[in-house]
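Remarks on the overall topology
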Amino acid sequence: MASVLAGIKQQLNRTADVNSSGRISITPKQIYIVPTKFGLVFATMIIAMFIGSNNYEINLGFALTFLLTGIGFASMLQSWRNLAKLEITEGKLDPVFCGETAIFQMRLHNNSSMNRSGLHLHIDKRSTVIDVPAKTTVVMDCPVKSEKRGFMTPDRWTVYGYFPTGMFYCWAYFNTRQKCLVYPAPSDPSIAIEQLFKAGKVESFDASTSDDNDDFFGHRQYATGDNVKRLDWKALARGRGKLIKQFQSAIDNDIWLRWNDVLSENTEHKLSILCRAVLELTESHMIFGLELPDVTIAPDSGWSHKSDCLKALALFGK
């Protein structure tokens, strides 16, 4: 009895997985199909027509009954063919901040000579509809709301459709290997970031305010409101555009964002403050390091350094 129940459970949970070539292929045995409410009404009408034609011996009634029955079976076959041998691959996936909507990108490959119409991709209680013409690949963006930091792995995906008549609901389940990295949400920008750290730990987040006697460490693009005295006129004359000279003190060349220096007792709030600090320091092209209880990232600057710091914050304690 237990083996029978296990077999039934296995049949009810047929799921397509990523194969060795990195594709998800919907095989015929992984497709489910049931009649919709409209389909049940249509079937009831056909049964009633058959009974009436049989009782009153109406030949035209039989003909119409069999014609409609054939249409029903043809509709069921087309609904099944709309999903059979559909191939799916994973697309680009960018990290997001907690509370933002992650966009899971899927590529639907239709290698058959027939169009696939009205395909729905369902995840996280949201569905996206698309048509996939014959012999083409269509990119589909599926939004999923992030709720907590760390890696977000969606539940089982569903691809389904009602094509062509709406009498049958046809669907298949599949899993992906995609994981979206969710950063902590930055803290409230209305409070100056220096006020969220212990006194003297973070003095300035704007490298353009340093003294001219400090060490020159690079350029950044000019922004409205910048001090024109710091424009690199030689670079402008060479056609490199408006660049602002940046300086940092030779005495204390590096800024450290330390876990114990954040004025908060709540773990998630601390991470939010550090996340905002990383973003503001990167925007100002400052050199800084990050020190957490479980990881230390050496001082650096740039987009790659920002990504490393944000990832460390996202996976803290995970």
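These numbers were taken from a predicted model, which means no experiment stands behind them. (Residues numbered from 1 in each chain as written. Predicted model: local features only at pLDDT ≥ 70, side-chain atom pairs only at ≥ 80, totals over all residues. Heavy atoms only, no water.)

1. Notes on the overall build of the chain
- Summing up its helical and strand segments, the chain has 6 helices and 18 strands in all.
- When burial is assessed residue by residue, the chain has 41% of its 318 residues classed as buried.
- Contacts in the chain between residues far apart in sequence, at least 24 positions, make up 64% of those at least 6 positions apart. (Helix = DSSP H or I, 4+ residues; strand = E, 2+ residues; numbered from the N terminus. Buried < 20%, exposed > 50% of the residue type's maximum accessible area, 1.4 Å probe, protein only. Contact = heavy atoms within 4.5 Å.)

2. As for the packing of aromatic side chains
- This structure, assessed with the given rule, holds 13 aromatic pairs.
- A centroid spacing of 6.1 Å and a plane angle of 25° characterise the contact between phenylalanine 62 and phenylalanine 66, whose relative ring orientation is stacked. Of this pair, phenylalanine 62 and phenylalanine 66 both sit in helix α3 (residues 59-81), 4 residues apart, which is roughly one turn of the helix.
- In this arrangement the basic side chain of arginine 14 is found over the ring face of tyrosine 32, its NZ or CZ atom lying 4.4 Å from the centre.
- For arginine 156, the ring lying beneath its charged end belongs to tyrosine 173, and the centroid distance is 3.7 Å. (Phe/Tyr/Trp six-rings, centres within 6.5 Å; stacked < 30°, edge-to-face > 60°. Lys NZ or Arg CZ within 6 Å of the ring centre and 35° of its normal.)

3. Considerations on the packing of helix α5 (residues 267-283) against helix α6 (residues 303-314)
- Two elements in contact, α5 and α6, have axes separated by 10 Å at closest approach and are oriented at 175°. Relative to α6, the element α5 is oriented roughly antiparallel. Contact residues: α5 offers Leu271, Leu274, Cys275, Val278, Leu279 and Thr282, while α6 offers Lys306, Cys309, Leu310 and Leu313. (Axes fitted to C-alpha atoms, helices over the stretch in contact; angles between N-to-C directions. Parallel < 35°, antiparallel > 145°, perpendicular 65-115°, else oblique.)

4. Description of the pairing of strand β7 (residues 116-123)
- When β7 meets strand β8 (residues 126-132), the two strands line up antiparallel, connected through 6 bridges. Along β8, the bridge assignment pairs arginine 116 with valine 132.
- Count of turn residues in the β7/β8 antiparallel hairpin: 2 residues, of which aspartate 124 carries a positive phi of about 55°. (Pairing = 2+ DSSP bridges.)

5. Topic: the sheet that holds strand β13 (residues 180-183)
- Ordered by their spatial adjacency, 3 strands build an open sheet running β5-β13-β10, and the pairing between neighbours is mixed. Either end of the sheet is taken by a strand with one partner, and the two such strands are β5 (96-97) and β10 (150-152).
- Where β5 lies against β13, 2 bridges are found, and the strand directions are parallel. The residue bridging phenylalanine 97 from the neighbouring strand is tyrosine 183, located in β13.
- Seen against the sheet, α6 touches β5, β10 and β13 and runs at an angle of roughly 85° to β13.

6. Overview of a nonpolar patch on the surface
- The grouping of Ile47, Phe50, Ile51 and Phe66 at the surface amounts to a nonpolar patch, some 400 Å² of accessible area in total.
- No other element matches helix α2 (residues 37-56), which puts 3 residues into the nonpolar patch. (Patch = residues over 30% accessible without salt bridge, like charges linked within 9 Å, V, L, I, M, F, W, Y side chains within 5 Å. Areas by Shrake-Rupley, 256 points an atom, 1.4 Å probe, with all protein chains shown as cover. Salt bridge = Lys/Arg side-chain N within 4 Å of Asp/Glu carboxyl O.)

7. Examining the confidence of the model for the chain
- In the predicted model, the chain carries a mean pLDDT of 86, and the fraction of residues at 70 or more is 84%.
- In this model, residues 207-213 is a region of pLDDT below 50 whose contacts with residues beyond four sequence positions or in other chains number 16 contacts. (pLDDT = per-residue confidence, 0-100.)

8. Concerning the side chain of threonine 15
- On the secondary structure map, threonine 15 appears in strand β1 (residues 15-16).
- With relative accessibility at 18%, the residue threonine 15 sits in the buried group.
- In this structure threonine 15 touches Gln30, Arg156, Tyr173, Phe174 and Asn175, once residues within four positions along its chain are discounted.

9. Structural notes on α3
- Spanning 23 residues, α3 covers 33 Å between terminal C-alpha atoms, matching the ideal 33 Å at 1.5 Å per step.
- Considered for burial, the residues of α3 that qualify are Gly61, Phe62, Thr65, Leu68, Gly72, Ser75 and Ser79.
- Structurally, α3 contributes buried residues whose contacts are with β3 (32-35), α2 and β12 (168-174). (Expected span 1.5 Å × (residues − 1).)

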